[in-house]
Amino acid sequence: MGNFCGGSAKLANASSPYASKNPLSSINNFSSSKSTTTYDSSFKSKPSTTASLQSFSLSDFETAAESFNKGDASTTVSLKSFSLNDLKTATKNFSSNSYLGEGGFGCVFKGWIDELTYAPTRPGVGIIVAIKKLKRESFQGHKEWLAEITYLSQLRHENLVKLIGYCSESNNKLLVYEYMQKGSLENHLFKRGVQPIPWSVRVKVAIDVARGLSFLHGLETQIIFRDLKASNVLLDSDFNARLSDFGLARNGPTGDKSHVSTRVVGTRGYAAPEYIATGHLSLKSDIYSLGVVLLELLSGKRALDEDNGSREKILVDWAKPFLNDKRKMLRVMDTRLEGQYSKKEAQTIAALALQCLHADPRIRPNMTHILPALEQLRAPKDTPRMYSRA
Ligand SMILES: Nc1ncnc2c1ncn2[C@@H]1O[C@H](COP(=O)(O)OP(=O)(O)OP(=O)(O)O)[C@@H](O)[C@H]1O
Ligand SMILES: [Mg+2]
């Protein structure tokens, strides 16, 4: 079985975030045909003035990464440095049988490694991992690879995906993660032929996502996730949700600043309007994206629907007028739920989504407000309930 990823093998759920030559056109004249398109723009001509991961060089990182492996860095999680050969063996040379999916970074493959030594094994032996392979020589891609390792080597939380290791051999950059059996939330909400996820699971996913985001926003050095979307929410065998993809994450503003100024990167349909317009990134940019994901959970509709013929549909634009009316709000609900949901819970989530989607970022709530409001839907203990028809 030959090497599967790259070139024409792309199944195209996202165009490369690194491809844009003309930044403004990538923002204003979105031409890619999929809703998960990640855009990348030097919208602001001024480079970022805040200290960030972008100022790290790869060699700096590689030295740091080596020290993780030697156990020198007490605050960091030990990551395994894999050789390319290890990962070829683990994936049967990145064969089509091992292929899991593709995003802007590259293709993702399923591999097998020994649970204790992390040595590659054969299929069926040891544990499964997901291996992401950077698609091609790309400076931006390398930066994302670096950011992913830098953040995930320092963060552990049950609602963040676990990074097990990485590979950096000449231009080959790969990332090795715990395998999330049920794949992405995107696949479960929107993929044709996939059983729709029931209401109770949707509420649980909303809470898990909010827990992951609360953790990031609550850190001493706050982290802006920047690319919250259904495809970056991964689900384990019990539908526990974890945030994945820290390649675009940034440290939040310090002191009394409300934002950091950055190049505009992110995903259409999910990115906050003020961030697209000004490059001002804040914790409230994540809150907007959370509002979009909540809407997707309610409606079963994509943030950006480009598959329905001539005109793309922006979920927020369509749904917002319904959200501030308790009865009208029910029109937004996913018909595939066939009415099997709690109206009250749906209304609570819709009201929260509306707040998150406020045009003025200052008015959007913080995670300290959103998380308890969602958790209270399952407090004190989740008791089985009958759902009435909407
Ligand atoms: N840890 C994992 N376990 C299981 N499947 C995974 C894992 N990581 C990724 N995948 C699968 O690979 C697909 C591609 O993931 P990837 O993160 O590369 O792209 P994306 O999130 O779809 O797009 P983007 O690059 O714009 O973030 C996912 O949709 C998912 O199905
Ligand atoms: Mg992703």
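Treat the numbers as computed from the prediction; the structure is a model and nothing was measured.

What counts and how
- Residues numbered from 1 in each chain as written.
- Chains lettered and ligands numbered in written order.
- Predicted model: local features only at pLDDT ≥ 70, side-chain atom pairs only at ≥ 80, totals over all residues.
- Near = placed C-beta within 6 Å.
- Helix = DSSP H or I, 4+ residues; strand = E, 2+ residues; numbered from the N terminus.
- Nonpolar A, V, L, I, M, F, W, Y, C, P; charged D, E, K, R; others polar.
- Domains from an automatic or database assignment.
- Pairing = 2+ DSSP bridges.
- Contact = placed C-beta atoms within 7 Å.
- UniProt positions renumbered as here; feature names shortened; annotations may be inferred.
- Core = buried A, V, L, I, M, F, W, Y, C linked by C-beta atoms within 7 Å.
- Buried ≥ 20, exposed ≤ 12 C-beta atoms within 10 Å, placed from the backbone.
- Arc of directions from axis to C-beta.
- pLDDT = per-residue confidence, 0-100.

(A) Representation of the site of ligand 1 within the structure. In the region of ligand 1, 25 residues are neighbours, and Gly101, Gly103, Gly104, Ala130 and Ser231 sit closest. Sorting the residues of the shell around ligand 1 by element identifies β3 (99-102) and β5 (127-134) as the ones contributing at least two each. In terms of residues, the shell around ligand 1 owes the most to one element, β3, which gives three residues. Grouping the amino acids of the shell around ligand 1 by side-chain chemistry returns 10 nonpolar, 12 polar and three charged. Per-domain counts for the shell around ligand 1 show at least three residues from each of domain 1 (39-178) and domain 2 (183-387).

(B) Representation of the sheet that holds strand β7 (residues 172-178) in the model. Spatially, six strands are ordered β2-β6-β7-β5-β4-β3 in an open sheet, and the strand pairing comes out mixed. Only two strands of the sheet have a single neighbouring strand rather than two, namely β2 (80-81) and β3. Sheet topology places strand β6 (residues 163-169) next to β7; six bridges connect them, and they run antiparallel. Paired with Glu169 across the bridge in β7 is Asn172.

(C) Layout of the environment of Asp245. Mapped onto the fold, Asp245 is located in the loop between β10 (241-243) and β11 (250-251). For the pair Asp245 and Asp227, spaced 18 residues apart in sequence, the C-alpha to C-alpha distance is 7.6 Å. Other than its neighbours up to four places away in sequence, Asp245 contacts Asp227 and Asn232.

(D) Molecular detail of the UniProt feature "binding site: ATP" (unreviewed entry) in the protein. Using the residue numbers shown here, the UniProt feature "binding site: ATP" (unreviewed entry) corresponds to Lys133. Counting through the fold element by element, Lys133 comes out in strand β5.

(E) Region of the structure containing the nonpolar core. Core analysis: the biggest nonpolar cluster contains 94 residues, and Val209 and Leu294 have the highest contact counts within it. With 10 residues, the top contributor of residues to this core is helix α8 (residues 283-299). Every residue in contact with Leu294, bar those within four places of it in the chain, is listed here: Ala206, Ile349, Leu352, Ala353 and Cys356.

(F) Quick peek at helix α9 (residues 315-323). Buried within α9 we find Leu315, Ala319 and Leu323. When α9 is viewed along its axis, its buried side chains cluster within an angular range of 50 degrees and face the same direction. Of the exposed residues in α9, the ones pointing more than 90 degrees away from its buried face are Asp317 and Pro321. On the buried face of α9, the contacting elements are α8, β15 (304-305), β16 (313-314) and α10 (343-356).

(G) Layout of the confidence of the model for the protein. Of all residues in the protein, 76% have pLDDT values of 70 or greater, and the mean over the chain is 81. Low pLDDT (under 50) marks residues 7-74, which in the prediction has 114 contacts with non-local residues, meaning those over four places away or in another chain.

(H) Helix α11 (residues 367-375), seen in detail. Among all positions in α11, only Met367, Ile370, Leu371 and Leu374 are buried. Along the axis of α11, the buried residues cluster in a sector spanning 95 degrees; they form a single face. Structural note: α11 exposes Thr368, His369 and Pro372 on the side pointing more than 90 degrees away from its buried face. Where the residues of α11 are buried, they touch α6 (199-218) and α10.

(I) Representation of unusual backbone geometry. One non-glycine residue with positive phi stands out, namely Ser170, at about 45 degrees. Structurally, Ser170 can be placed in the loop between β6 and β7. Judged by the 6 C-beta atoms lying within 10 Å of it, Ser170 falls in the exposed class. For Arg226, which is not glycine, the phi dihedral falls at a positive 75 degrees. Relative to the assigned elements, Arg226 resides in the loop between β8 (223-224) and β9 (233-235). By the C-beta count within 10 Å, which is 24 here, Arg226 ends up buried.

(J) Structural view of the environment of Val125. Looking at the secondary structure, you find Val125 in the loop between β4 (106-113) and β5. Classification of Val125 as exposed rests on a count of 11 C-beta atoms within 10 Å.

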